[in-house]
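One-letter residues, chain by chain:
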Amino acid sequence: MAIRLIEGLHLTATQKRHLGEILAQGWAEGYSGRIRYSVSPIEGEPRRFRYHWRKNERDDFGRPVTREGLGIIEWLADPG
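So, here's what we can say about the structure. (Residues numbered from 1 in each chain as written. Predicted model: local features only at pLDDT ≥ 70, side-chain atom pairs only at ≥ 80, totals over all residues. Heavy atoms only, no water.)

1. Some points on the sheet that holds strand 4 (residues 45-58)
Strand order in the open sheet formed by five strands is 1-5-4-3-2, with antiparallel pairing between adjacent strands. Across the chains shown, the open sheet's two edge strands, defined by having one partner strand only, are strand 1 (2-7) and strand 2 (29-32). Strand-to-strand twist across the sheet, computed as the mean angle between neighbouring axes with direction ignored, equals 35 degrees. Taken together, the eight bridges between strand 3 (residues 35-42) and strand 4 define a ladder with antiparallel strand orientation. For Ile42, the partnering residue across the bridge sits in strand 4 and is Glu45. Of the strands in this sheet, strand 1, strand 2, strand 3, strand 4 and strand 5 (64-76) are in contact with helix 1 (residues 13-25), which crosses strand 3 at around 55 degrees. (Pairing = 2+ DSSP bridges. Helix = DSSP H or I, 4+ residues; strand = E, 2+ residues; numbered from the N terminus. Axes fitted to C-alpha atoms, helices over the stretch in contact; angles between N-to-C directions. Contact = heavy atoms within 4.5 Å.)

Written out as structure tokens, the structure is:
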């Protein structure tokens, strides 16, 4: 199984792996550690999904902030 970034900022290999596992399980949401992921299918494009990830952190002054990313991925599932 492989995830290809179509649109959006860089995804780490770990983030791609987590998104692939969420899709393989048929889930719309999932989390790993402090990062929460959500995916939704794009109508008319069966292997493409919109993704959104969120991570709670603290800024340099100790204030809570939410870091997030979004974009479009293509899921290249294993044949078989």
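Once you've had a look at it, read on.
2. Some thoughts on the side chain of His18
With respect to the helices and strands, His18 occurs in helix 1. A polar side-chain atom of His18 sits 3.1 Å from a polar atom in the side chain of Tyr37. Those residues within four positions of His18 in sequence are excluded, and the remaining contacts are Ser32 and Tyr37. (Polar contact = N/O pair within 3.5 Å; in protein donor to acceptor, adjacent residues only side chain to side chain.)

3. Focus: the pairing of strand 5
Looking at chain direction, strand 1 and strand 5 are connected through five bridges and run antiparallel. Paired with Ile3 across the strands is Trp75, a residue of strand 5. Taking the residues between adjacent antiparallel strands as the criterion, strand 4 and strand 5 are bridged by five residues, where Gly62 takes a positive phi near 85 degrees.

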